Amino acid sequence: LLADQNQEFTVSVWAHPFSSTSERGEVFSWFDGNRAYIRARDNQWVFRQFRPDDSAEKISTSSHFSLNEWSHLVFIWDGQHLKAYVDGNKIGEKDMNTRSDRESPPNLIGKFRYGEEYFDGKIDDFRIFPYALNNEQVKQVMNSGAVNIG
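Keep in mind that what you see is a predicted model, and the values were worked out from it rather than measured.

Just to check I follow, could you spell out the pattern of salt bridges for this structure?
Note that side chains of opposite charge can pair when their charged atoms are close. Following the criterion strictly, the structure yields five salt bridges and no others. A salt bridge links E93 to K90; the shortest N-O distance between them is 2.7 Å. Among the residues examined, K90 registers a relative accessible area of 40% and is labelled partly exposed. The salt bridge involving D125 is made with R127; its shortest N-O contact spans 3.0 Å. We classify D125 as partly exposed; its relative accessible area is 28%.

Got a minute to help me understand the environment of D54 in this structure?
Inspection of the secondary structure puts D54 in the loop between β4 (44-50) and β5 (56-60). Sequence spacing of D54 and R35 is 19 residues, and the spatial spacing of their C-alpha atoms is 9.3 Å.

What's the story with the nonpolar core in this structure? I'm lost.
As a rule of thumb, nonpolar side chains are buried together in soluble globular proteins. Core analysis: the largest hydrophobic core is formed by 21 residues, its most contacted members being V27, I38, W45, F47, L73 and F75. Among the elements of the structure, β1 (9-17), β2 (25-30), β3 (36-41), β4, β6 (71-77) and β7 (81-86) are those that each provide at least two residues to this core. Sorting elements by how many residues they give to this core places β1 first, with four residues. With near-sequence residues (within four places) excluded, V27 lies in contact with V13, A15, I38, R39, W45, L73, L108, I109, G110, F119 and I123.

How should I be thinking about the packing of aromatic side chains in this particular structure?
Two numbers describe a pair of aromatic rings. These are the distance of the centres and the angle of the planes. Enumeration over the complete set of coordinates arrives at six aromatic pairs. Each ring, one from F47 and one from F75, has its centre 6.0 Å from the other, and the planes form 40 degrees; the classification is tilted. Placement of the pair is F47 in strand β4 and F75 in strand β6, with a sequence separation of 28 residues. Relative accessible area serves as the criterion here: at 0%, F75 is assigned to the buried category.

Would you explain unusual backbone geometry in this entry?
A negative phi angle is the norm for most residues apart from glycine, just as the trans form is the norm for most peptide bonds. The residue D42 is not glycine, and still its phi comes out positive at about 50 degrees. Along the chain, D42 falls in the loop between β3 and β4. In the Ramachandran plot, D125 falls in the positive-phi region, its phi being about 50 degrees despite a non-glycine side chain.

How each quantity is defined
Residues numbered from 1 in each chain as written. Predicted model: local features only at pLDDT ≥ 70, side-chain atom pairs only at ≥ 80, totals over all residues. Heavy atoms only, no water. Salt bridge = Lys/Arg side-chain N within 4 Å of Asp/Glu carboxyl O. Buried < 20%, exposed > 50% of the residue type's maximum accessible area, 1.4 Å probe, protein only. Helix = DSSP H or I, 4+ residues; strand = E, 2+ residues; numbered from the N terminus. Core = buried A, V, L, I, M, F, W, Y, C linked by side-chain atoms within 4.5 Å. Contact = heavy atoms within 4.5 Å. Phe/Tyr/Trp six-rings, centres within 6.5 Å; stacked < 30°, edge-to-face > 60°.

The structure is reproduced here in structure tokens:
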């Protein structure tokens, strides 16, 4: 799962939070050398990715998410930039031309990597694409689930 640290990727997932989650409300964590996550924290969606020196780039929603409602979350790394989308709208982009190459624990859906902390809600239609989706494709996945890559 995302083993090549130089490979572009997109993670797409629907999340439905039940409560204002704690510091470790991770929807998805990938730690196979890439060290990144999508997290619900203080009623905001947080997207974060680390570099080899342990510095990181973070993108957070500017407004709070609604409890008991579905949000479509997309995390993209295109080889140069970290991009985050919520419900088809890009909420941010950061320069990120390198990713961490550290050995890490397995990838997890709905669970923080240490301890017994879980995302308090539902997760659905989780997907990983081995390439960076463009804006139109992000909306296609959100609206219909299919992506036209041709």
